[in-house]
Amino acid sequence: MNQKAYHSEETRKKFQKQVIRSNQIAHWCFSLGGLTVLASIFGIFIFILVQIFPLFQPASVKKVTQYKVTSKDPVVIGVDEYNQRPFVVDRSGILELFNGQNPADVSSKIDLLQLVGFEGSLEASIFLEDKQELLLGSSTGEFSLVELGFSSEFTENQSRTISVNPNVVLSYQLDADQIIASDTSQSLDRRVLANVVSKGGSRSVYAIEFNRGRTLFGPGDLRLNRVVDLTPWIDLQPVSVKVGSNSSDILVLDDAGNISVLNLSGSEGAQRVQLWVPSPEIIQGKIVDMRWLLGRFSLILTDDLGFQYLASRASDSQGETRYSITTVTGDEISNPDLFSTNLRNRVYLRGNANEVELLYATTLRSRWSHSPDYNVIDTALSPRNDALYLLDDEQWMHQYSIYDPHPEAGFKSFFGKIRYEGQAEAQYTWQSSGATDDFEPKFSLMPLIYGSMKGTFYAIIFSVPIAVLGALYTSQFLADHYKKYIKPLMEIMASLPSVVLGFLGALWLAPIIETRIPSVLLIIVFMPLISMFLGMITYQVNQKFKIRFRGKEFLFLIPLLLFSAYALWQLGPTVERLIFVYQDPVTGERIADFRLWWPENLGIGFDQRNSMVVGFMMGFAIIPLIFTISEDAMSSVPTHLTSASYALGANRWQTAWKIVVPTASAGVLSAVMIGIGRAIGETMIVVMATGNTPVMEWDVFTGMRTLAANLAVELPEAALNSTLYRSLFLGAMVLFLMTFALNTVSDIIRQRLKLKYKSTL
Amino acid sequence: MNSWYKKLLSDQGEKFVWLSAMGLTVGIIMITSLIVLVLVRGLTVFWPKDITYFEFTADYDNWQRGDILAGIVADRETDVHHSIQSDAAADTELKLYIANRIYNNSQFIWVPENAVRMISKPDNIFSVHTLDMGELFVKPLKLVYNNGTEVLSNSPGFQKQLSQSLRENNALREEISRIERGALSRINKELLDIQLELRRLELDQDFSEAEIERIRSELSERLILANQQNERIQQQILELRESLNRIRFEFEVQHDRQDSISLGDIVQIYNPNRMNPVQKLGVFIVSLWDFLSEFPRAANMEGGIFPTIVGTFVMTVLMSILVTPVGVMAAVYLHEYARNNLFFRLIRTSVSNLAGVPSIVFGVFGLSFFVYFLGGGIDNIFFQDKAALNIPTFGTGGILWASFTLALMTTPVVIVATEEALSSVPSGIKEASAACGASKWQTIRKILLPAARPGILTGLILATARGAGEVAPLMFVGVIKLAPSLPIDGEFPFVHLDRKFMHMGFHIFDLAFQSPDSEAALPMAFATTLLLLLLVILMNFVAILFRNRLRHAYDQDTF
Amino acid sequence: MPIESQPIENILNRAEDTYEEKATQIEIENLSFWYGSNKVLHHLNLSIPEKTVTAFIGPSGCGKSTLLRCMNRMNDMIENSRYEGSIKVMGQDIFDPKLHVIELRKRVGMVFQKSNPFPKSIYENVIYGLKIAGLGEKSALDEVAERSLRNAALWDEVKDRLHESAFTLSGGQMQRLCIARALAIEPDIILMDEPCSSLDPIATANIEELIYQLKSRYTIIIVTHNMQQAARVSDKTAFFYLGELIEYDLTENIFMKPKDEKTEDYVSGRFG
């Protein structure tokens with residue numbers, strides 16, 4: 001055995017044990033470290049999924065408790081904003097209040113009749129849901145509106161208690177003995193009450209208008225202004241009445257199912273604006289009930305067969321506001337006599353004795369449906385849409401909790417066409433915030449996806465030709481000693497921060513190009529032609545005077561192209577005066593201005609920060625990307641293929657175009673894919689260089705709003721975990737999947753390209 | 001005739017070769033023209049330009065005929081006259097930079113060329129850079145000292161006196177800012193701590209009565225002491241400010257109006273028309289140095305961008321410290337330890353895909369995971385008292401979370417680069433090392449990593465360059481418009497990871513789109529763009545040098 | 001007459017010292033090996049004597065390199081490979097889990113077909129094996145480096161540029177550097193996988209001469225395509241065909257009087 005002279009056996013053994021242990025440790029920590037890093041990177045994907053998931057969940061409704069109701073003949077049930085004081089009002093005017101904190105408490109009672117001071121007995125009472133007010137009518141025709149008056153105080157340990165003290169808002173006198181239907185709405189300076197009443201069998205419709213004077217300290221109290229008898233304008237027997245949000249439209253439904261729309265303006269105190277006869281093709285049966293949705297802008301009409309329809313006000317072609325039915329709710333529900341709305345969103349409850357359903361009005365998606373084991377005689381939704389009360393016929397009021405943070409979300413609202421309030425027809429709209437507080441957010445992602453596509457399209461049609469042609473030239477025709485300068489230049493171009501590109505695009509390029517579009521068009525058209533013409537000339541010159549251009553073409557081309565670009569830039573205005581002349585219809589003056597000519601002839605807008613600017617600036621980000629990868633692909637085409645082609649007498653262009661490009665086509669394609677991936681994900685350039693208008697037009701001279709830009713603009717202000725916040729994440733997910741798919745496809749192509757070459761080497 | 005034509009067309013495809021040459025040329029023209037544009041527009045901001053007198057030859061806007069206006073031609077716009085009928089010559093408009101923002105409402109006015117006449121370049125007109133009133137074009141009259149003595153502008157000693165007192169003022173301002181950043185901020189911190197402790201005293205009840213009394217008195221004592229100190233420092237600063245304003249500078253503006261400002265408000269004053277190029281170069285260097293070393297003033301439109309440089313630098317360093325071990329570890333794991341079944345092959349392709357994912361998605365993730373989740377957690381554990389007063393330390397954006405987010409964003413780039421570097425090491429060497437009895441970890445440590453080091457460094461620098469230029473995600477995780485304090489300063493613990501910071505990229509976005517007067521902010525935006533561009537190009541240059549060294553090292557061996 | 005084209009007969013009689021039987025160093029019993037699903041070695045039984053040069057010959061793809069790589073468990077680095085049977089080196093079964101692979105590889109050095117010096121200096125290449133085994137003192141390292149380079153007949157050519165990069169060496173020098181590197185850890189066995197296949201005739205002659213000298217102190221197993229080389233350097237030769245051991249005997253017997261018909265065809269160059 002060779003003597004191990006260099007050091008003793010035990011130290012060698014000890015050291016070796018140490019080496020083996022450290023090898024084991026390294027194995028463990030690399031595996032652990034590597035996996036955690038990979039997991040954290042993919043954590044993004046999971047994290048976004050977690051944010052999106054709640055958007056697509058149905059409402060979760062769970063039974064909480066129930067209250068024992070003493071009154072025999074309840075008219076209405078309801079609850080305050082904090083679900084602490086649910087109440088029942090019975091026909092005799094007794095208000096029974098329960099305690100939400102511990103349902104077992106004995107309910108307290110308030111005698112409203114005594115408060116209002118009616119002589120006669122209480123004939124009728126109607127509950128106005130969205131104002132939490134009760135309209136009481138006595139047999140002597142006396143009416144008074146009572147507000148329940150919830151107010152909350154804070155006890156010393158910060159817990160909130162709600163006290164109820166009803167007070168009379170207003171009262172008036174009609175000679176009628178029974179209220180059939182009633183509605184009220186108020187605006188800043190006035191309040192209108194409309195009643196359908198009957199007096200000895202004949203029905204009439206009255207509108208009672210109260211004005212609110214302006215005092216120094218804000219709005220004064222209400223004073224009765226006038227009582228208008230609307231019956232003459234109603235042809236048939238009125239069934240129910242509704243007052244519009246602007247407290248001037250009054251809709252009266254008659255027993256034939258037609259709705260006459262009146263308003264209180266005009267000479268005789270009122271006039272009929274529209275006799276709305278719902279067309280038979282849409283309506284199966286006869287309209288028997290109509291109810292307002294939140295905001296008193298849209299209505300839910302129910303016909304006698306149980307179908308329900310969503311209707312709303314929209315200005316028609318002549319600019320008149322007309323009520324019309326927008327959508328049908330789909331499956332019918334047998335005599336839906338139960339209906340409740342809440343004060344937070346457009347979720348409403350419909351149902352009958354043994355089936356109850358929560359629906360979101362705009363998308364008409366069912367959020368929850370349930371058939372309780374008792375039959376329901378009345379329902380109520382809490383103002384914040386977080387509690388639901390069902391009153392059964394054995395005098396039990398069941399309380400359910402509702403958790404439905406994103407009723408307006410859903411596949412249809414993100415990707416489908418929806419007709420929102422006030423829109424003439426269904427369309428894709430993204431509008432995340434609005435002026436009024438009952439504004440309805442619109443989260444269709446289609447305009448954003450369209451914007452991303454449009455931005456990418458214009459970036460690609462500008463960058464791909466330049467990058468691929470440049471790569472072909474560099475790999476096949478460029479002299480080698482120039483190559484080592486080109487690659488670093490392109491890499492520097494690739495590393496330009498996108499904020500610099502966005503800034504230059506928006507504040508330097510856009511103003512310059514805006515007045516010189518014809519010059520830009522000339523340059524785009526004539527630059528290739530000039531280069532090709534130069535190619536032809538130099539070939540002849542080369543034949544005669546043997547000047548060596550080969551490999552150095554681009555050196556000659558730089559000055560020539562710069563000069564021709566300058567010449568074309570100056571030529572622009574003269575061409576504009578010849579072709580793009582706009583006839584001003586008013587003054588008749590003929591102005592040569594492309595910015596006016598374009599909208600007039602093609603009917604699409606023109607704005608300063610348009611897709612051409614974005615396309616050009618995105619070119620800075622994409623050209624180097626596509627260039628480097630295509631150049632690698634083309635220069636890795638084996639030389640024995642090109643030399644074979646030359647051997648057959650092909651010239652250098654034929655070899656390049658017929659041999660090199662097809663062989664490297666997979667690589668070039670994958671480069672273009674990666675370029676597209678980068679363009680779709682680009683944020684800062686698009687945020688700065690476009691007007692970010694979510695519009696769905698292909699036109700090169702209008703802006704766009706891409707998914708990425710939308711995120712950058714909206715997220716800083718979006719409330720945490722709101723529907724807007726989560727739908728932005730959905731946008732991020734769509735973006736993530738798009739770039740992911742593109743890159744994966746390009747990787748697969750590139751792997752196949754690599755394998756193909758391995759075999760031929 | 002047609003033989004000539006036919007000959008022209010038979011050019012053996014040369015025309016297409018030149019077409020492809022056009023592709024490359026357009027690329028080169030694009031990048032060079034961009035760099036030249038930014039270079040020119042960025043540097044001319046600091047070059048003192050001559051001020052000329054313009055006389056109005058016709059009434060225009062609220063200027064009457066004969067008014068004299070001092071200004072510099074900033075831009076010339078020939079908007080070709082569009083209407084066909086009238087064949088008037090193209091009317092060009094001049095964009096005049098007239099400064100004096102406080103006297104006329106904006107620093108730039110557009111004047112038709114024919115409405116104004118350039119008369120003279122007076123050598124007694126000065127350009128005055130003030131602290132908060134922007135730049136003023138004035139004709140100095142005299143210096144008035146608070147003891148009544150006056151030094152007239154035409155007297156010989158004026159220039160010397162002026163520059164001497166300016167130097168003194170600069171020193172005074174230096175002193176004030178040193179006190180404010182040092183002693184004053186310490187006192188404010190102390191006052192905040194006392195308030196926190198008082199708050200904590202109220203919150204937990206487990207102290208006995210006596211205990212509470214003792215602590216309260218102790219705290220009030222500290223409070224009095226702190227207030228006294230605060231008093232003294234404020235007094236000191238007041239005195240310094242007093243001496244700053246001891247001299248008033250009287251001048252004449254636009255021919256008739258006379259006004260005076262305190263010399264303490266003036267940062268720099270020079271007379272461009274009378275300076276030769278060498279003196280102009282001196283002013284150029286001084287204002288360039290101010291741009292790089294001072295804090296921004298007047299809503300970021302004046303002063304320098306020192307905090308953004310520090311912010312970007314600290315963030316980039318933090319990011320590379322974070323990303324290097326993480327990226328290399330994951331790459332070594334993927335390359336050496338992971339079994340290459342389908343699962344890991346899928347991971348490998350998707351890692352390279354992640355490099356292509358838009359950065360905004362990482363910003364979103366950073367905000368919700370790092371800031372709200374991790375930050376919130378840290379606040380609840382370590383900073384309860386502050387959290388109680390809902391002053392979040394880590395629960396809000398900061399330089400730590402910005403670096404984390406960018407590190408996460410650039411990790412895929414580093415992983416891809418490292419794996420490429422590792423696989424470029426010939427497998428023969430790995431086998432040789434194993435054959436010599438080296439363990440896997442020894443082979444990696446002694447052979448693989450050293451051989452792949454240049455490749456790894458290139459990947460790291462490319463990733464850092466990309467991180468430095470990124471803006472979109474930073475908006476969520478800690479970059480703000482104007483940061484009161486730097487992420488690193490003299491106070492313990494020197495690097496404040498929870499502080500929000502300013503970033504060059506965001507500064508450009510903010511200047512260009514969110515500043516009150518975007519016209520005036522444009523030069524500053526171009527200067528910042530120039531700086532950021534130079535930084536990114538420098539990083540790329542270093543990466544390219546390394547890559548060449550790497551290629552050089554492997555070129556001449558036999559395999 | 002260049003060494004290549006001489007008939008094998010007159011090469012053989014160069015080995016003056018007659019071969020006397022030596023103790024067996026490596027005992028291979030019923031060894032089979034699979035790459036994934038295809039079986040490459042089929043139930044080999046072989047015992048290799050110490051201090052001798054054994055040549056493995058056979059057509060390409062017959063598994064001779066795979067067998068060689070099994071002996072220092074190089075095949076462990078290949079995914080989902082599997083073996084059956086045992087290889088005993090000096091009585092110790094190399095697949096015994098108690099024996100760590102780095103322990104084995106310190107006793108069984110290997111030289112590869114393509115010379116693969118580390119991208120370090122010549123000196124660092126040679127002492128690499130020792131540094132990873134824990135030897136630190138410079139003096140000991142210098143002494144071992146010199147001795148190994150002398151043993152590899154490379155010392156005179158590199159003694160004054162020890163700290164230059166190993167890549168500045170020629171092909172033959174690099175291969176000898178790899179041999180020196182293997183010798184530095186003082187193995188008992190040296191495996192050589194076609195060491196001269198990428199070398200010119202002169203370099204090949206140097207390597208063969210070196211193997212001849214090392215024979216006295218190391219057990220050498222060499223895989224080669226070159227029949228003359230096998231004849232020149234080896235004492236015993238094993239002929240493999242399609243993963244099976246056809247014949248294993250003294251080199252003269254294999255070349256002069258092969259028992260098996262396939263060996264004769266291969267040795268006389270009719271196929272292979």
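Look a little higher up for the structure.
From a predicted model like this one, the values you see are computed outputs, not experimental measurements.

The rules we used
Residue indices follow the written sequence of each chain, beginning from 1 at its first position. Think of it this way: whatever chain is written first is A, whatever ligand is written first is 1, and the rest follow in order. Where totals are concerned, whole chains, interfaces and linings use all residues; where local detail is concerned, this predicted model gives features only for residues with pLDDT of at least 70, and gives and counts side-chain atom pairs only at 80 or more. No hydrogens and no water enter the side-chain calculation; it runs on all heavy atoms of the structure. Whether two residues are in contact is decided by their heavy atoms: any pair within 4.5 Å suffices. Put simply, buried area is how much 1.4 Å-probe accessible surface two parts lose in total, over both of them, once they are put together. We count a salt bridge whenever a side-chain nitrogen from Lys or Arg sits within 4 Å of a carboxyl oxygen from Asp or Glu. Two N or O atoms count as a polar contact when they lie within 3.5 Å, although within protein this holds only if one can serve as hydrogen donor and the other as acceptor, and sequence-adjacent residues are included solely when both atoms are side-chain atoms. Each helix corresponds to a stretch of at least 4 residues labelled H or I by DSSP, and each strand to a stretch of at least 2 residues labelled E; elements are numbered beginning at the N terminus. Note that Gly is not counted as nonpolar here; it falls among the polar residues with everything else outside the nonpolar set of Ala, Val, Leu, Ile, Met, Phe, Trp, Tyr, Cys and Pro and the charged set of Asp, Glu, Lys and Arg. Three exposure classes are used, based on accessible area relative to the maximum for each residue type with a 1.4 Å probe and protein chains only: buried under 20%, partly exposed in between, and exposed over 50%. For two strands to pair, DSSP has to find at least two bridges joining them. Pairing of aromatic rings covers Phe, Tyr and Trp, the last through its six-membered ring, and needs centres within 6.5 Å; plane angles under 30 degrees mean stacked, over 60 mean edge-to-face, and all others mean tilted. Should the NZ of a Lys or the CZ of an Arg lie within 6 Å of a ring centre and within 35 degrees of the ring normal, that charge is described as sitting over the ring. Patch membership is restricted to residues that have no salt bridge and whose relative accessible area is over 30%. Joining uses 9 Å for like charges and 5 Å for the nonpolar side chains Val, Leu, Ile, Met, Phe, Trp and Tyr. Each accessible area value is a Shrake-Rupley result obtained with a 1.4 Å probe; residue values ignore everything except the protein chains displayed when judging cover. Lines fitted to C-alpha atoms define the axes here, with helix axes fitted over just the stretch in contact, and angles between the N-to-C directions of these axes take values from 0 to 180 degrees.

A. View of the interface of chain B and chain C. Tallying the contact residues gives 24 residues for chain B and 24 residues for chain C. Taken together, both faces of the contact between chain B and chain C bury some 2,000 Å²; the carbon and sulfur share is 68%. Across the contact surface, chain B and chain C share 1 salt bridge. Where Glu-431 of chain B meets Arg-69 of chain C, a salt bridge forms, and the shortest distance between an N and an O atom there is 2.9 Å. In this structure, the connection of chain B to chain C is made through 6 residue pairs in polar contact (both at pLDDT 80 or more). Those elements that provide at least two residues to the side of chain B that touches chain C are helix 11 (427–435), helix 12 (440–469) and helix 15 (518–555) of chain B. Take the side of chain B that touches chain C: its biggest share by element is 7 residues, from helix 11 of chain B. Its residues placed into classes, the side of chain B that touches chain C shows 11 nonpolar, 9 polar and 4 charged.

B. Structural view of the pairing of strand 24 (residues 338–341) of chain A. Residues and elements named next belong to chain A. Along strand 24, one buried face is formed by Leu-338 and Ser-340 and the opposite face, lined by Phe-339 and Thr-341, is buried too. When strand 24 meets strand 25 (residues 347–352), the two strands line up antiparallel, connected through 4 bridges. Directly across from Leu-338, in strand 25, lies its bridge partner Gly-351. A loop of 5 residues connects strand 24 with strand 25, the two strands running antiparallel in sequence.

C. Examining the interface of chain B and chain A more closely. Opposite the 92 residues of chain B that make contact, chain A presents 109 residues. For the pair chain B and chain A, the number of links is 1 salt bridge. Notably, a salt bridge pairs Glu-14 of chain B with Arg-652 of chain A, separated by 2.8 Å at the nearest N-O pair. Viewed at the interface, chain A and chain B are joined by 5 residue pairs in polar contact (both at pLDDT 80 or more). When residues in the side of chain B that touches chain A are grouped by element, the largest group, 22 residues, is from helix 2 (residues 14–43) of chain B. For the side of chain B that touches chain A, the residue count by class is 59 nonpolar, 26 polar and 7 charged.

D. View of the packing of aromatic side chains. For the structure shown, the criterion picks out 58 aromatic pairs over all chains. With a centroid separation of 4.7 Å and an interplanar angle of 65 degrees, the aromatic rings of Phe-580 of chain A and Trp-597 of chain A are classed as edge-to-face. Pair noted here: Phe-580 of chain A is in the loop between helix 8 (553–578) and strand 33 (581–583) and Trp-597 of chain A is in helix 9 (residues 594–602), with a separation of 17 residues, a long-range link. Classification of Trp-597 of chain A by relative accessible area gives buried; the value is 17%. Ring pairs connect the aromatic residues Phe-47, Tyr-725 and Phe-729 of chain A together with Phe-365, Phe-369, Phe-370, Phe-373, Trp-401 and Phe-404 of chain B, which therefore count as one cluster. The ring centre of Trp-34 of chain C lies 4.1 Å from the NZ or CZ of Arg-82 of chain C, which sits over that ring.

E. Focus on the side chain of Asn-263 of chain A. Here Asn-263 of chain A is to be found in strand 18 (residues 259–263). Once you skip the residues sitting within four places of it in the chain, Asn-263 of chain A turns out to touch Ser-248, Asp-249, Gly-269, Ala-270, Gln-271 and Val-273 of chain A.

F. A nonpolar patch on the surface, seen in detail. Residues and elements named next belong to chain B. A grouping of Val-36, Leu-39, Val-40, Leu-43 and Leu-534 is seen on the molecular surface, where their side chains present a nonpolar patch of about 390 Å² in accessible area. It is helix 2 that contributes the most residues to the nonpolar patch, 4 residues altogether. On the basis of relative accessible area, Val-40 is assigned to the partly exposed category, the value being 46%.

G. Seen up close, the sheet that holds strand 8 (residues 142–147) of chain A. All names here are of chain A. Pairing within the open sheet is antiparallel, and its 4 strands lie in the order 6-7-8-11. Lying at the two open borders of the sheet, with one neighbouring strand each, are strand 6 (122–128) and strand 11 (167–173). Each adjacent strand pair in this sheet contributes to an overall mean axis angle of 20 degrees, direction not counted. Alignment of strand 8 against strand 11, held across 6 bridges, turns out to be antiparallel. The residue of strand 11 that forms the bridge with Glu-142 is Gln-173.

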